[in-house]
Amino acid sequence: MEIVMTGIAKSFGTNEVLKDVNICLKPGRVHALMGENGAGKSTLMNILTGLHQADKGHITADGKEIRFHSPHEAEDYGITFIHQELNIWPNLSLLENLYMMRPKRSRWGTLDKASMRREAKQRCQELGIDLPLDNEAGDCSVGQQQMIEILRILMVNAKVVIMDEPTAALTERETATLFRIMRQLKAKNVAIVYISHRMEEVFSECDDITIMRDGHTIRSCPISDISANEVVKDMVGRAIDDFYPERTTTPGQTVLAVNNLEPQGHFKPISFTLRKGEILGVAGLMGAGRTEIMRALFGLDKQEGGTITLNGKTITLHSPSEAIKAGIAFITEDRKSEGLLLDFSIAQNITLPTLERICDSPIMKQSRLWDFAKKLSDKLHVKTQSISLPVSALSGGNQQKVVIAKWIGLSPSIIIMDEPTRGIDIGAKRDIYDLINTLTDQGVSIIMVSSELPEVLGMSDRIMVIHEGAVAGIVDRKDATPESIMSLATGGE
Amino acid sequence: MDRTQVTSYIKKLGPLIGLIALFIIISLLNNSFLEIANLKNLFRQVSINAIIAFGMTFVILTAGIDLSVGSMLALSGAVMAELIVTGMNPMLAIIVACLLGLFLGAINGFLISYGRIAPFIATLATMTIYRGATLVFTNGNPISSLTTDHAFRAFGRGDLLGIPIPAITMFIIFFVLWFVLQKTSLGRHTYAVGGSEKVSFIAGIKINRVKIFAYALTGLLCAIAGAIITSRLNSAQPTAGAGYELDAIAAVVLGGTSLSGGKGHIVGTLIGALIIGTLNNGLNILDVSSFYQQIVKGLVILFAVLADRKKA
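Residues numbered from 1 in each chain as written. Chains lettered and ligands numbered in written order. Predicted model: local features only at pLDDT ≥ 70, side-chain atom pairs only at ≥ 80, totals over all residues. Heavy atoms only, no water.

A. Quick peek at the overall build of chain B. Helix and strand counts for chain B come out as 13 helices and 2 strands. On C-alpha atoms alone, chain B measures out to a radius of gyration of 19 Å, which is about the 20 Å that the 2.2 N^0.38 rule sets for 312 residues. By principal-axis analysis of the C-alpha atoms, chain B measures approximately 60 × 55 × 35 Å. Within chain B, buried positions represent 52% of all 312 residues. Long-range pairs, those at least 24 residues apart, make up 77% of the contacts in chain B between residues at least 6 apart in sequence. Split by element, the accessible area of chain B, about 14,000 Å² in all, is 69% carbon and sulfur. (Helix = DSSP H or I, 4+ residues; strand = E, 2+ residues; numbered from the N terminus. Rg over C-alpha atoms; globule rule 2.2 N^0.38 Å. Buried < 20%, exposed > 50% of the residue type's maximum accessible area, 1.4 Å probe, protein only. Contact = heavy atoms within 4.5 Å. Areas by Shrake-Rupley, 256 points an atom, 1.4 Å probe, with all protein chains shown as cover.)

B. Representation of the overall build of chain A. Tallying secondary structure elements over chain A gives 18 helices and 20 strands in all. Summarising its shape, the C-alpha atoms of chain A cover approximately 70 × 55 × 45 Å along the three principal directions. The proportion of buried residues among the 493 residues of chain A is 54%. As displayed, chain A has an accessible area near 21,600 Å², and 48% of this comes from carbon and sulfur atoms. Computed over 55 positive and 64 negative side-chain charges, the separation of the two mean positions in chain A equals 3 Å. (Lys, Arg positive; Asp, Glu negative; His and termini not counted. Charge placed at Lys NZ, Arg CZ, Asp CG, Glu CD.)

C. The arrangement of unusual backbone geometry in detail. All names here are of chain A. A positive phi is found at Asp62, a non-glycine position, where the angle reads about 50°. The residue Asp62 is located in the loop between strand 4 (56–61) and strand 5 (64–65) in this model. With a phi angle near 50°, Asp214 is a residue other than glycine that sits in the positive phi range. Checked against the element boundaries, Asp214 lands in the loop between strand 9 (208–213) and strand 10 (216–222).

D. Inspection of the environment of B:Leu246 at higher detail. Its place among the elements puts B:Leu246 in helix 11 (residues 244–254). For the pair B:Leu246 and B:Ala53, spaced 193 residues apart in the sequence, the C-alpha separation amounts to 9.7 Å.

E. How the structure looks around the interface of chain A and chain B. On the side of chain B, 20 residues touch chain A, which itself brings 28 residues to the contact. Roughly 2,000 Å² of surface becomes buried between chain A and chain B when both sides are summed, with 65% attributable to carbon and sulfur atoms. At the boundary of chain A and chain B, one finds 2 salt bridges. Of the charged contacts in the structure, one is a salt bridge between A:Asp343 and B:Lys263, with a shortest N-O distance of 3.8 Å. The tally of links between chain A and chain B comes to 3 residue pairs in polar contact (both at pLDDT 80 or more). Residue assignment for the side of chain A that touches chain B shows that the elements contributing at least two residues are helix 10 (320–325), helix 11 (335–339), helix 12 (346–351), helix 13 (355–359) and helix 15 (396–408) of chain A. Top element by residues in the side of chain A that touches chain B is helix 10 of chain A. It accounts for 4 residues. For the side of chain A that touches chain B, the class distribution of residues is 15 nonpolar, 8 polar and 5 charged. (Buried area = accessible area lost by both parts, 1.4 Å probe. Salt bridge = Lys/Arg side-chain N within 4 Å of Asp/Glu carboxyl O. Polar contact = N/O pair within 3.5 Å; in protein donor to acceptor, adjacent residues only side chain to side chain. Nonpolar A, V, L, I, M, F, W, Y, C, P; charged D, E, K, R; others polar.)

F. Main features of the sheet that holds strand 13 (residues 279–284) of chain A. Residue and element names in this part refer to chain A. The strand order 16-17-18-13-19-20 describes an open sheet built from 6 strands, whose pairing is mixed. With partners counted over all chains shown, the strands left at the sheet margins are strand 16 (328–331) and strand 20 (470–476), one partner each. Between one strand axis and the next, the sheet turns through 20° on average, direction left out of account. As paired strands, strand 13 and strand 19 (residues 462–467) are joined by 5 bridges and run parallel to one another. By the bridge assignment for strand 19, Leu280 is matched with Arg462. Seen against the sheet, helix 15 touches strand 16 and strand 17 (414–418) and runs at an angle of roughly 170° to strand 16. On top of the sheet, helix 18 (residues 482–489) reaches strand 13, strand 19 and strand 20; it is set at about 30° to strand 19, its chief contact. (Pairing = 2+ DSSP bridges. Axes fitted to C-alpha atoms, helices over the stretch in contact; angles between N-to-C directions.)

G. Quick look at the nonpolar core. Within the largest apolar cluster, 87 residues are counted, with the highest numbers of intra-cluster contacts made by A:Leu352, B:Ile52, B:Phe54, B:Phe58, B:Met80, B:Leu177 and B:Leu221. With residues up to four places along the chain from it excluded, the contact list for B:Phe58 reads B:Leu177, B:Val180, B:Leu181, B:Thr190, B:Phe213, B:Ala214, B:Leu217 and B:Ile266. Core analysis: the next-biggest nonpolar cluster, separate from the first, contains 67 residues, A:Phe272, A:Leu317, A:Ile415 and A:Ile446 among them. (Core = buried A, V, L, I, M, F, W, Y, C linked by side-chain atoms within 4.5 Å.)

H. Spatial organisation of the pattern of salt bridges. Residues and elements named next belong to chain A. Evaluated as defined, the whole model comprises 27 salt bridges over all chains. Here Asp134 makes a salt bridge to Arg117, at a shortest N to O gap of 2.9 Å. Here the residue Asp134 occupies a position in the loop between helix 4 (113–127) and helix 5 (142–155), and Arg117 occupies one in helix 4, the gap between them amounting to 17 residues. Given the relative accessible area of 52%, Asp134 is considered exposed. In this structure, the salt-bridge partner of Asp360 is Arg368, at a minimum N-O distance of 3.1 Å.

I. The arrangement of the side chain of A:Thr291 in detail. Inspection of the secondary structure assignment puts A:Thr291 in helix 9 (residues 290–297). Every residue in contact with A:Thr291, bar those within four places of it in the chain, is listed here: A:Glu333 and A:Asp418.

J. Broad picture of the domain arrangement of chain A. Residue and element names in this part refer to chain A. Splitting chain A by domain gives domain 1 (3–236) and domain 2 (254–489). Taking the mean C-alpha position of each, domain 1 and domain 2 sit 34 Å from one another. Domain 1 puts 8 residues into the contact, and the matching count from domain 2 is 10 residues. Summing both sides of the interface, domain 1 and domain 2 together bury roughly 860 Å²; the carbon and sulfur share of this comes to 63%. Counting the contacts that link domain 1 with domain 2 gives 0 salt bridges. Across the domain 1-domain 2 interface, the total number found is 0 residue pairs in polar contact (both at pLDDT 80 or more). (Domains from an automatic or database assignment.)

K. View of the packing of aromatic side chains. In this structure the tally under the stated criterion is 10 aromatic pairs over all chains. With centroids separated by 5.2 Å and ring planes inclined at 50°, the aromatic side chains of A:Phe298 and A:Phe330 adopt a geometry described as tilted. Of this pair, A:Phe298 sits in the loop between helix 9 and strand 14 (303–310) while A:Phe330 sits in strand 16, placing them 32 residues apart in sequence. Exposure remark for A:Phe330: the relative accessible area of 2% places this residue in the buried category. Between B:Phe43 and B:Phe171 the ring centres are 6.3 Å apart and the planes differ by 35°, which places this aromatic pair in the tilted class. One end of the pair, B:Phe43, is in helix 2 (residues 36–61); the other, B:Phe171, is in helix 7 (residues 165–183), with 128 residues separating them in the sequence. According to the relative accessible area criterion, B:Phe43 is partly exposed, its value standing at 24%. (Phe/Tyr/Trp six-rings, centres within 6.5 Å; stacked < 30°, edge-to-face > 60°.)

L. Spotlight on the sheet that holds strand 14 of chain A. Residue and element names in this part refer to chain A. One open sheet holds the 4 strands; their spatial order is 12-11-14-15, and the pairing between them is antiparallel. Looking at the sheet topology across the chains shown, the edges are occupied by strand 12 (270–275) and strand 15 (313–315). Sheet twist, expressed as the average angle between the axes of neighbouring strands with direction ignored, equals 15°. In the sheet, strand 11 (residues 254–263) pairs with strand 12 via 5 bridges, with the strands oriented antiparallel. Bridging across to strand 12, Ala257 finds its partner in Thr273. Here helix 9 sits on the sheet in contact with strand 11, strand 12 and strand 14, set at roughly 115° to strand 11.

M. Structural context of empty space enclosed by the protein. Residue and element names in this part refer to chain A. Scanning the entire structure with this criterion turns up 3 cavities of 30 Å³ or more. For the largest cavity, the calculated volume is near 110 Å³. Around the largest cavity sit 13 residues that line it, and Glu36, Gly284, Leu285, Ser451 and Met486 are the ones nearest its centre. Elements with a contribution of two residues or more to the lining of the largest cavity: strand 13, helix 17 (453–459) and helix 18. The class makeup of the residues in the lining of the largest cavity is 7 nonpolar, 5 polar and 1 charged. Looking at which domains feed residues into the lining of the largest cavity, each of domain 1 (3–236) and domain 2 (254–489) supplies at least three. (1 Å grid on protein atoms, 1.4 Å probe; cavity = no way out; pocket = protein on both sides within 12 Å on 5 of 7 lines; lining within 4 Å. Points joined across faces, edges and corners; volume = space filled by probe spheres on them.)

As structure tokens, this is what we get:
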């Protein structure tokens, strides 16, 4: 099946994710879809498979116009999407997962387990794989779970298969199996979309490539017509204008030294330092482990080894409350589930970690709390009629300001910010950048994790790049280019 | 005042409107309902459930549940009775019983916070354990004819200025806990933990302490309720308090507190307990068979919760 998408546009609220995207998927070819985080790759594929509806543009399959209202409908048509976060029921067996949505039934309407098992086994044999079909899916490796997804889509006679970062969590052997199966699919004239950040795999496995940036198609061509360097340039190629305020703070002496820190999971020992008034940008691809490192640093996750030295004193942090006491604040990436109590008012959210400090007693003094919250919300330009309104009534940008206000209220000496401007509008972004600069002028040190390369390059004094759970490099601002950071982040030279 | 404020007021007033309607209906059907003697009786009955339900409000606000309230009431009541029988000053015995209740509740709190056991399971287990301990302690027999001490007997059945002392106890506890919940950081943290443990933990709130407080408080209140019952009957029953957890939970839910935690208030719980008490009392006065009473009570709870959903 040949899929042609032309002039696709899509906005979520005021956020224009796709502006004008064109892509052509040919049967029997693997099509790489590349772009920075937030370039619009997933949105585009979600439109193709019916999760979202395009605002503008056309999609045709073999010349016939198509439009799906749900992923299920798209699957019936043979267009399937294997998401990065696999849709599995961890409490059910692999076999049950495989037939969950399209079970085989006996004449009596009961589930026909024997015939399901027979068919699954036969399919496994055809693919040359061995799966423990009766094991609980949650106990199986990501690779095995993914194979179940692949088996499942093969059963619906998929003609188009979209894979979003399929190798991100696979072992080398599992990756090799996946590639073998991809070649089998190709031989069956299936069109494959391969979303990945891994340059090496893209060049070895794909036939065509489309590069997206800021909701536009930058380039679409056979893979043989392009070099890895050109791909990186196309991905990041925008100029970093004066959108970012000028840095005026000169970092002072080292305040934080992290030595061979081992966060939970697959990490190599992490070492870095942070100076007074410095912004340390942390770049890396999704899943590289940036957030996990920060969680360990804040005492949220267990730290399996290494030392943290704060102002010359070695400290061990077992919980956020200890980190807060030590003067560290953590603005998490997920403001809805980790940063805010949505039923609480703006004022209540801002004063949550500081209640006893503000009131000097276990009894709350309403007027003091109010003044404190009011001062901070004004300082951050939170746009609201009243700080007594529930925080859920605010826009994303203003919610983020409330989260930041909450932490600034603690007067921390170090603030860890994980994706501080994700999903918020330009105006609010600029406000936050200005605030960050003001803070560093006052001697606060900031670790800023961000997936937006221009932001990292525009704001940081130094940039630490994480690649697959290890520090791939720490680059000074003056030496950093989009290409050099992207290259470190993708494991290049 | 905009629309969201209006609906939020209606939502808050809903249970109160229900209570007033109930009062009017029952008093129209039977005019002895509003007699002073009956109302005093009503408040005596309500106070036990209300005091337990106040603690349950804290627990449910943290998104927990406490099934062991009836057993804690029985065990602390039995220990208190035994102490009095063996000659301890009755007032001192009440204090010892309260400390025991506090301790039993704290055990629940530790199991749930540090032990990470689901509140339903943890308190289901301690409900059985505490009840068993009561039976072992009393050998399955009531401890009766405790004392003739006037002050002690008054605790459960006396009046002060015409108001039943258990009702006064209930109101004092109500005001103290209302203050804790609305005016102290501990109260704010209770709401925060129920709203989102994750957010609270990251904000540096010691969520385990908040939870232990809620359960220990409930244990203490159960002991006070147990003391009132023991004083009123001048005897402790090993089966006292059985099924009280359901009335307490019903009062909390009727009062508009969300079982998923983080939302609700103790004023609602007081009204909820009054609704249940009024129903019990009113249906008795109206000579409704106790079999039908249960059906009516269940229907009222369902109706109240459904009405709450509609408005939300």
